[in-house]
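Chain by chain, the residues:
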Amino acid sequence: MSERRNASVRKIGVLTSGGDAPGMNAALRAVVRTGIGLGLEVVGIERGFHGLVYDQIRPMDARSVSGIIYLGGTILRTARSQEFRTAEGRQRAIETLKRHGIDGLVAIGGDGTYCGAAALVGECDVRVIGVPGTIDNDIPGTLYTIGFDTAVNTALECIDRIRDTSEAHERVFVVEVMGREAGFIAMESGLAGGAEAVLVPELPFDMGELCARVRSWQERGKKSSIIVVAEGAARGEDVARCIEQSTGISARLTVLGYIQRGGRPTARDRSLATRLGYTAVKLIAEGQSGAAVGISEGEDVRAYPLAHAVSGKRVLPPDIGDVARITAG
Ligand code: F6P
């Protein structure tokens, strides 16, 4: 995190990159309107870093972000740019920034976006601030990322629906959720949905032991059950097959997939996005660079070094596995 006090900021760019997350539009709206409120010129960069490499820039005014706070996806579009990962691609991106006189950049996205933002900080003078937008909730330094709450509630609604049919048919269901290498979506939706088991990459599990538990549930008269599996822990297909083969009990699979990325952002995601977007622009206007914004344990907005946000992994609370196991009954 660095401060460049003397250089005044006149024009900022904003982009959304990587997997879209519900609430990205709310963040974008806050960035544009805060920038304009501070007397800055604001431009939108389309398709994330791809748009920087290929000069896809559009002016943004207060009206250009009207009526988007409740929309999922991102009106700026998004992409995972391979070119930007190369030195040549980033050079082209830096030339685009110079050509348009952009001296500040707000990058909204997940870990890939943050890595791209961190690389830019080291290679040009543009002030860069990261805003965490990903359903995975896996960015160090922030309690929540934009989109996580909506994704969890979407997954929970699906789990509740699956519960109805699993009880009606007295079946075992495996529900695979997203989250990349992290188990936050699985754990949060599994706890809230009363899942009988939650498999996450952060906590070791034993398939043999899981199958024994399924058998014992059946013996105790618990005929229906839901096992939530984080995509980073195992393939739901493998878990269902293993249960069937080792217990003889049929297990149905639902992979929730991209359903979790879409839909209207929850109130929590919209307000989080608004607070983080606002703070990101304030920081840039003050001359800050190389920072990420996030939400603290006390729910205050905080700024911290981007380098911390791209270092390591966020971990689940240590006792969470016991909570899930004991309350599953
Ligand atoms: O990072 C968000 C996320 O939805 C992950 O949960 C998932 O693993 C990944 O993106 C899917 O990426 P893609 O959109 O490239 O298929």
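Residues numbered from 1 in each chain as written. Predicted model: local features only at pLDDT ≥ 70, side-chain atom pairs only at ≥ 80, totals over all residues. Heavy atoms only, no water.

(A) Highlighting the overall build of the protein. If you tally the helices and strands in the protein, you get eleven helices and 13 strands. In terms of overall size, the protein behaves like a compact globule, its C-alpha atoms giving a radius of gyration of 22 Å where 329 residues would be expected to give roughly 20 Å. Projecting the C-alpha coordinates of the protein onto the three principal axes gives extents of approximately 70 × 35 × 35 Å. Considering the protein as a whole, with its 329 residues, one finds that 53% of them fall into the buried category. Counting only contacts in the protein whose residues sit at least 6 apart along the sequence, the fraction spanning at least 24 positions is 76%. When the accessible surface of the protein is summed, it comes to about 13,800 Å², and 49% of that surface belongs to carbon and sulfur atoms. (Helix = DSSP H or I, 4+ residues; strand = E, 2+ residues; numbered from the N terminus. Rg over C-alpha atoms; globule rule 2.2 N^0.38 Å. Buried < 20%, exposed > 50% of the residue type's maximum accessible area, 1.4 Å probe, protein only. Contact = heavy atoms within 4.5 Å. Areas by Shrake-Rupley, 256 points an atom, 1.4 Å probe, with all protein chains shown as cover.)

(B) How the structure looks around the packing of aromatic side chains. Per the counting criterion, the structure on display carries two aromatic pairs. Summarising the aromatic geometry, the rings of phenylalanine 49 and phenylalanine 84 are spaced 4.1 Å apart at their centres and angled 10 degrees between planes, so their arrangement reads as stacked. Here the residue phenylalanine 49 occupies a position in helix α2 (residues 48-53), and phenylalanine 84 occupies one in the loop between β4 (57-60) and α3 (87-99), the gap between them amounting to 35 residues. Phenylalanine 84 matches phenylalanine 49 in its accessibility class, with the two residues each being buried. (Phe/Tyr/Trp six-rings, centres within 6.5 Å; stacked < 30°, edge-to-face > 60°.)

(C) Inspection of the nonpolar core at higher detail. Ile12, Val14, Val106, Val131 and Val177 are the most contacted members of the largest nonpolar core, which has 59 residues in total. What valine 106 contacts, discounting residues up to four positions off in sequence, is Gly13, Val14, Leu15, Val31, Ile129, Val131, Ala280, Val281 and Ile284. The next biggest cluster of nonpolar side chains, apart from the first, holds 25 residues, and it includes Ile45, Phe49, Tyr114 and Val126. (Core = buried A, V, L, I, M, F, W, Y, C linked by side-chain atoms within 4.5 Å.)

(D) Structural view of the domain arrangement of the protein. Domain annotation for the protein reports domain 1 (2-147 + 265-309) and domain 2 (149-261). Between the C-alpha centres of domain 1 and domain 2 there is a distance of 35 Å. Contacts between the two partners involve 13 residues from domain 1, matched on the other side by twelve residues from domain 2. Of the roughly 1,200 Å² buried at the junction of domain 1 and domain 2 (both faces included), carbon and sulfur atoms supply 49%. The interface formed by domain 1 and domain 2 includes two salt bridges. For aspartate 20, the salt bridge identified is with arginine 261, shortest N-O distance 3.0 Å. If you look at where domain 1 meets domain 2, you find eight residue pairs in polar contact (both at pLDDT 80 or more). Here the side of domain 1 that touches domain 2 is composed, by residue class, of three nonpolar, four polar and six charged. (Domains from an automatic or database assignment. Buried area = accessible area lost by both parts, 1.4 Å probe. Salt bridge = Lys/Arg side-chain N within 4 Å of Asp/Glu carboxyl O. Polar contact = N/O pair within 3.5 Å; in protein donor to acceptor, adjacent residues only side chain to side chain. Nonpolar A, V, L, I, M, F, W, Y, C, P; charged D, E, K, R; others polar.)

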